[in-house]
Amino acid sequence: MKKSKIIHLVLISAAFASCTQQKPKNEKKVYMRSDTTAGYSHILGPALWYYAFRPFGIYNNGSYQRAGYYSSAISERANVGSNPFKGSVVRGGFGSSTFHVSS
Amino acid sequence: MKRHKINPRENWQEKVEKIGFGFHTADSLYWDESVYYEFSMEEIHTIEKATYKLWDKCLEAVQYVIDCKLYKKFHIPEWFIPHIEETWNNDAPAIYGRFDFSLKNGVPKLLEFNADTPTSLFEAAVVQWYWLQDFDSSKDQFNSMHEKLVEYWKYLKKYLYDYTLHFTCVKDNLEDLTTTEYLRDCAIQAGFTTNFVFVEDIGWSSERKEFVDLNNYSIKNIFKLYPYEWLVNEDFGKNIILDKNKTYWIEPSWKMLLSNKAILPILWSLNKYDENLLASYFDDEKFMLENSYVKKPLLSREGANISIVKNGEVISETDGEYGEEGFIYQELCELPEFNNNYPVIGSWVIGQEAAGIGIRESDLLITGNLSRFVPHLID
């Protein structure tokens, strides 16, 4: 046998266990951070996967239309700013090359 | 190798989304389960054997490049060479890579090796496996990637710092985030404490001479889905060698040699007439291929800036922003054709083992960013 016997995903299965799977209604934005200084580590467990990966779409007469991803709701503002602890820390020195990696 | 047309599962989009696969459809279909490929066990054994062999050949080629100081062929900045040599000599942890094969007449031919930032991992390891459970769970699939990832993370634990394992990729790209989070999932299952930081948010503390995450915690072990050729050329690039922690970057920097197309002529020069290799040359020897060849940039992604020349005429080419560093020339090996569809087989190495395959199918001879991921089974 070449194939996997069972595949268990801890991030996503925990996410689905803790969240309802209903399609969103009017709520299209879920901000990962609520201010400009906090890290996003407080939701780095299942929620990152859940909010970033969960796409939402609409079934209409059997055809599927994707409406978007929660990931598009990650605010740019959530990733800038300063706090007293940052001190000599500089950010933004990586990530300028291009848009994504796929190869 | 056979191609079968089938009906997709009812509400397949919902099914794949439930397992965390959100980028099944972009401008056009990416995950395509209206088709699958069937392999014989003999074909799978052939692919597996070629994968093991080429992995060994690649390691020999890295040693050769380092011994002979061939870095100029790769356009690697001189200041970064000691880092590459150090990670190689210290056997710094590496976890994966993907050989791209053309399988024609039963013989896999190496088109290239995605050794630094291969993607389509989640689709290959998880999505096609779930597809098979619904389609025909009695059938086999060349796919033990998930177990091998979890096991190899466990194995690597003793070779990394006893500290958080960070994961990073670019913002605003679901495909990259999915691949990265999937690897993090496997690492969690292997017992690691993990954290995630987008690559744009990685900080550098000039006081502490170390990289930090958003909470200003040290970064000592980090998986990055971000290529070295970008890292070293950006503002923080030189901080990698100033870093007092000597952070373990995964993949390690010696993988720069394997992810560069310059490795293809090196492999050929060391293993001429190997049945799984295509004749490949640098610019000064391209005449060896006469007037039929594929011209590839040393560094490129998603099939960009590739030209296929047959009998002196360009029969297919792609645009892009790559090629500044130069090109290599590879023997023309047209992909197998199935009703105007051209599949490339991505054969994964996890740890040191052949672990499974994923298939990208394109309407064109050059597999680009519009190619589709198609599942497979063994019969």
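Residues numbered from 1 in each chain as written. Chains lettered and ligands numbered in written order. Predicted model: local features only at pLDDT ≥ 70, side-chain atom pairs only at ≥ 80, totals over all residues. Heavy atoms only, no water.

### Details of the overall build of chain B
Within chain B, the secondary structure is distributed over 11 helices and 19 strands. A compact globule built from 379 residues would reach a C-alpha radius of gyration of about 21 Å, and chain B, at 20 Å, matches this within 12%. For chain B, with 379 residues in total, the buried portion stands at 66%. Counting contacts in chain B only where the partners sit at least 6 residues apart, residues at least 24 apart contribute 71% of the total. Summed over all atoms, the accessible surface of chain B reaches about 14,400 Å², with 45% contributed by carbon and sulfur. Averaging the locations of the 39 positively and 62 negatively charged side chains of chain B gives two centres separated by 3 Å. (Helix = DSSP H or I, 4+ residues; strand = E, 2+ residues; numbered from the N terminus. Rg over C-alpha atoms; globule rule 2.2 N^0.38 Å. Buried < 20%, exposed > 50% of the residue type's maximum accessible area, 1.4 Å probe, protein only. Contact = heavy atoms within 4.5 Å. Areas by Shrake-Rupley, 256 points an atom, 1.4 Å probe, with all protein chains shown as cover. Lys, Arg positive; Asp, Glu negative; His and termini not counted. Charge placed at Lys NZ, Arg CZ, Asp CG, Glu CD.)

### Details of the overall build of chain A
Assigned secondary structure in chain A consists of 2 helices and 3 strands. For chain A, the succession of helices and strands along the chain, N to C, is α-α-β-β-β. For chain A, the proportion of its 103 residues judged to be buried stands at 44%. A separation threshold of at least 6 residues defines the contact pool for chain A, and within that pool the share at least 24 residues apart is 58%.

### What to know about the packing of aromatic side chains
All names here are of chain B. As enumerated under the stated definition, the model contains 36 aromatic pairs over all chains in all. Considering the side-chain rings of phenylalanine 21 and phenylalanine 122, the 6.4 Å spacing of their centres and the 50° angle between planes classify their relative orientation as tilted. Of this pair, phenylalanine 21 sits in the loop between helix H1 (12-18) and strand E2 (35-39) while phenylalanine 122 sits in helix H5 (residues 121-136), and the two are 101 residues apart along the sequence. A ring pair is formed by phenylalanine 99 and phenylalanine 101, whose centres lie 6.0 Å apart and whose planes are at 10°; its orientation type is stacked. This pair shows no difference in class: phenylalanine 99 is buried, exactly as phenylalanine 101 is. By the ring-pair criterion, three or more aromatic residues cluster together here, those being Phe21, Phe23, Tyr30, Trp31, Phe122, Tyr182 and Phe373. In this arrangement the basic side chain of lysine 255 is found over the ring face of tryptophan 254, its NZ or CZ atom lying 5.9 Å from the centre. Sitting above the plane of the phenylalanine 327 ring, lysine 295 keeps its charged end 4.4 Å from the centroid. (Phe/Tyr/Trp six-rings, centres within 6.5 Å; stacked < 30°, edge-to-face > 60°. Lys NZ or Arg CZ within 6 Å of the ring centre and 35° of its normal.)

### Thoughts on the domain arrangement of chain B
Residues and elements named next belong to chain B. As far as domains go, chain B holds domain 1 (2-260 + 338-378) and domain 2 (279-331). Using C-alpha coordinates to define each centre, domain 1 is positioned 24 Å away from domain 2. Counting residues at the interface gives 16 residues for domain 1, matched by 16 residues for domain 2. On inspection of domain 1 and its partner domain 2, the count reaches 1 salt bridge. (Domains from an automatic or database assignment. Salt bridge = Lys/Arg side-chain N within 4 Å of Asp/Glu carboxyl O.)

### What about the sheet that holds strand E8 (residues 210-212) of chain B?
In any sheet, the strands associate via hydrogen bonds between backbone groups, in a parallel or an antiparallel arrangement. In spatial order, the strands read E3(A)-E7(B)-E8(B); together these 3 strands make up an open sheet with antiparallel pairing. The sheet terminates laterally at strand E3 (89-91) of chain A together with E8 of chain B, the two strands that pair on one side only. Each adjacent strand pair in this sheet contributes to an overall mean axis angle of 35°, direction not counted. Here E3(A) runs beside strand E7 (residues 203-205) of chain B; their pairing, made up of 3 bridges, is antiparallel. Residue pairing across strands places Val90(A) opposite Trp204(B), the latter belonging to E7(B). (Pairing = 2+ DSSP bridges. Axes fitted to C-alpha atoms, helices over the stretch in contact; angles between N-to-C directions.)

### Concerning the confidence of the model for chain A
All names here are of chain A. Mean pLDDT over chain A: 54, with 17% of residues reaching 70 or higher. Predicted confidence in chain A is weakest over strand E2 (residues 63-69), with a mean pLDDT of 52, and strongest over E3, with 86. Below pLDDT 50 for its whole length, residues 18-43 participates in 47 contacts with residues either more than four positions away or in separate chains. Here residues 68-86 scores under 50 on pLDDT; set against residues more than four positions off or in separate chains, the count is 44 contacts. (pLDDT = per-residue confidence, 0-100.)

### So, the pattern of salt bridges
Residues and elements named next belong to chain B. Overall, the coordinates contain 19 salt bridges over all chains when judged by the stated rule. Measuring nitrogen to oxygen at the nearest pair gives 2.9 Å for the salt bridge that ties aspartate 274 to lysine 53. Placement of aspartate 274 in the loop between helix H11 (263-270) and strand E11 (280-281) and of lysine 53 in helix H2 (residues 41-68) is noted, with a sequence separation of 221 residues between them. Classification of aspartate 274 as buried rests on a relative accessible area of 14%. Among the residues examined, lysine 53 registers a relative accessible area of 27% and is labelled partly exposed. The salt bridge partner of arginine 372 is aspartate 363, with a shortest N-O separation of 3.2 Å. A relative accessible area of 48% places aspartate 363 in the partly exposed class. Overlapping salt bridges, with partners in common, bring together Arg3, Asp32, Glu361, Asp363 and Arg372 in one network.

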